[in-house]
Amino acid sequence: MEIRCAVQPYAWGKLGHTSEVASLQECAHPDFCIEETKPYAELWMGAHTSAPSLIKGSNEKLSEWISKNPDVLGESVRNKFGDELPFLFKVLSVNKALSIQAHPNKEHAEKLHRERPDIYKDPNHKPELAIALTPFEALCGFRPIQQIKQFLDRIPELKTIIGEAASNLQASDEAGIQSALRDCFQALMTCPAETIQEQLSMLVERHSTLDESSRSLENANLIAKLSSEFPGDVGCFCVYFLNYLILKPGEALYLGPNEPHAYLSGDCIECMACSDNVVRAGLTPKYIDVNTLCSMLTYNCEEADQKRFQPTAVDSYTQLFSPPVPDFAVAKIEIPGETSTYDIGPRSSASIILAVSGNGCAQHDMPVKRGSVLFIPANTVFSISTSGLKDTLLLFQAMANI
């Protein structure tokens, strides 16, 4: 079935036709009118209660249709998750940085929900997978400790903020390094706002006097961007603790529990467990919970390249991004033009397919074009043809990972 999906106009989204979210929706639904000054941040594909997709033609909520026809989910999905779709599939178009954040594991999510249900509104965990559609900038995971120490030595404003806690980074064993890193990061995140504002202003001013090589060593352009979006915000200094990555189209990040991260700019496919649990501590106007964030983080240090999440090849057309959780996996499918028929599936889980580019024709002469979103019941073979067409058809398929 083809479904129509909700667009979320969050303030951090890309404006007008610069947004991949808006463009995909317009291609699939010509009645969707794009306003050039309006942000279009997220396309939600699934059965989330906040913005469930609608079945094209009947306008019935996908969530309601699934509740009447639960067998479409697949037996293994129903046994594990009950009669609900366990994932939410999205497209994100990021113009302005999202918050410095992490997601709790399942046990911690249950505890936070039990203690503060007004803030943490459900008891589920929220692992995420992001696959770049355009060059995609993000912060993810702690940098190697040597890089952090070099920044502390080089950048006086950062050293002023961290203070005496920095001296403990000389520890030789991993447990000592993690403990020292926790102390340094907590010193940053709990530093008085006045000091952060003063030191950030001094940092931006000093950067303006540096040559291009020195600016690059101190991530001056990124600091300038973040400080213009969030003046005086402590999250700007997180650049010196977290890995800065620019994903190429098709590259991915997996964000497990307690992994610090922030999306900065670009367009991506995202899939996640159905949850709204986010613990934030910077680069946001939303509720900040510094103590919870600092207490839950992994404090594992890795090179930036190690944060890229690698897919496995299924066949010559399909790559599968399969994270270590049962809630979701995503297949990237590229079907060359002139392909007579390619069979997708069957999958043991219900799935959702998004067409990003190209054209094709599915069974029963259903056209598949840029922006098309299709719901596929479990154990169904989805056959698609690009015969007679020139361009490659690019699809992403989300499903449960069981």
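Residues numbered from 1 in each chain as written. Predicted model: local features only at pLDDT ≥ 70, side-chain atom pairs only at ≥ 80, totals over all residues. Heavy atoms only, no water.

## Some remarks on the overall build of the protein chain
Now for step 1: For the protein chain, the count of helices and strands is 11 helices and 24 strands.
Now for step 2: For 402 residues, the compact-globule formula gives about 21 Å, and the C-alpha radius of gyration of the protein chain, at 22 Å, lands near that figure.
Now for step 3: Looking at the 402 residues of the protein chain, the share that counts as buried comes to 56%.
Now for step 4: Sequence-distant contacts, at least 24 apart, represent 76% of the contacts inside the protein chain between residues at least 6 apart.
Now for step 5: Entry remark: accessible area of the protein chain is about 16,800 Å², with carbon and sulfur atoms responsible for 49%.
Now for step 6: Averaging the locations of the 34 positively and 50 negatively charged side chains of the protein chain gives two centres separated by 1 Å. (Helix = DSSP H or I, 4+ residues; strand = E, 2+ residues; numbered from the N terminus. Rg over C-alpha atoms; globule rule 2.2 N^0.38 Å. Buried < 20%, exposed > 50% of the residue type's maximum accessible area, 1.4 Å probe, protein only. Contact = heavy atoms within 4.5 Å. Areas by Shrake-Rupley, 256 points an atom, 1.4 Å probe, with all protein chains shown as cover. Lys, Arg positive; Asp, Glu negative; His and termini not counted. Charge placed at Lys NZ, Arg CZ, Asp CG, Glu CD.)

## Focus on the packing of aromatic side chains
Now for step 1: With the rule as written, the count across this model stands at 11 aromatic pairs.
Now for step 2: An angle of 20° between the planes, with centres 5.1 Å apart, marks the rings of Phe142 and Tyr299 as stacked. In this pair, Phe142 sits in strand β10 (residues 136-142) while Tyr299 sits in the loop between α11 (290-296) and β15 (312-313), placing the two residues 157 residues apart along the sequence. Neither Phe142 nor Tyr299 differs from the other in exposure class; each is buried.
Now for step 3: Ring geometry for Phe185 against Tyr299: centres 6.5 Å apart, planes inclined by 70°, an arrangement best described as edge-to-face. One end of the pair, Phe185, is in helix α7 (residues 174-189); the other, Tyr299, is in the loop between α11 and β15, and 114 residues separate them in sequence. A single burial state applies to Phe185 and to Tyr299, both of which are buried.
Now for step 4: Taken together, the ring pairs in this structure connect Phe142, Phe185, Phe241 and Tyr299 into an aromatic cluster.
Now for step 5: Its guanidinium or amino end placed over the ring of Phe230, Lys96 lies 4.8 Å from that ring's centre, counting from NZ or CZ. (Phe/Tyr/Trp six-rings, centres within 6.5 Å; stacked < 30°, edge-to-face > 60°. Lys NZ or Arg CZ within 6 Å of the ring centre and 35° of its normal.)

## Notes on the pairing of strand β13 (residues 261-273)
Now for step 1: Counting buried residues along β13, 13 of its 13 residues qualify, which places the element largely inside the surrounding structure.
Now for step 2: For strand β7 (residues 87-94) and β13, the ladder comprises 8 bridges, and the chain directions are antiparallel. Looking across to β13, one finds that Leu92 is bridged to Cys268.
Now for step 3: Of the pairings in the sheet, the one linking strand β9 (residues 128-132) to β13 comprises 5 bridges and is antiparallel in character. Bridge pairing links Ala132 to Cys268 in β13.
Now for step 4: Sheet analysis places β10 next to β13, joined by 4 bridges and oriented antiparallel. Paired with Leu139 across the strands is Ala262, a residue of β13. (Pairing = 2+ DSSP bridges.)

## Some details on helix α5 (residues 145-154)
Now for step 1: Every buried residue belonging to α5 is among Ile145, Ile148, Lys149, Phe151 and Leu152, and all of these are buried. All buried residues of α5 project into a common sector of 160° when viewed along the axis, lining one side.
Now for step 2: Structurally, α5 contributes buried residues whose contacts are with α6 (156-162), α7 and α9 (212-217). (Arc of directions from axis to C-beta.)

## Quick word on the sheet that holds β15
Now for step 1: Strand order in the open sheet made by the 6 strands is β15-β16-β17-β24-β19-β22, with antiparallel pairing throughout. The outermost strands of the open sheet, each flanked by one partner alone, are β15 and β22 (373-376).
Now for step 2: Two strands pair when backbone bridges link them, and β15 and strand β16 (residues 318-321) are joined in this way by 2 bridges, in the antiparallel orientation. Along β16, the bridge assignment pairs Ala313 with Gln319.

## Details of the pattern of salt bridges
Now for step 1: One pass over the full model with this rule turns up 21 salt bridges.
Now for step 2: Its salt-bridge partner being Arg78, residue Asp83 comes within 2.7 Å of it at the nearest N-O pair.
Now for step 3: For Arg78, a relative accessible area of 28% gives the class partly exposed.
Now for step 4: What emerges from the salt-bridge pattern is a single network uniting Arg154, Glu157, Arg206 and Glu218. (Salt bridge = Lys/Arg side-chain N within 4 Å of Asp/Glu carboxyl O.)

## Observations regarding unusual backbone geometry
Now for step 1: Note the cis peptide between Gly345 and Pro346, where omega equals 10°.
Now for step 2: Mapped onto the secondary structure, Pro346 falls in the loop between β18 (342-344) and β19 (351-357).
Now for step 3: Although it is not a glycine, Asn59 sits at a positive phi angle of roughly 65°.
Now for step 4: By the secondary structure assignment, Asn59 is in the loop between β6 (54-55) and α2 (62-68).
Now for step 5: Although it is not a glycine, Asp365 adopts a positive phi angle of roughly 60°.
Now for step 6: Following the sequence through the fold, Asp365 ends up in the loop between β20 (359-362) and β21 (366-369).
Now for step 7: Judged by relative accessible area, which is 66%, Asp365 ranks as exposed.

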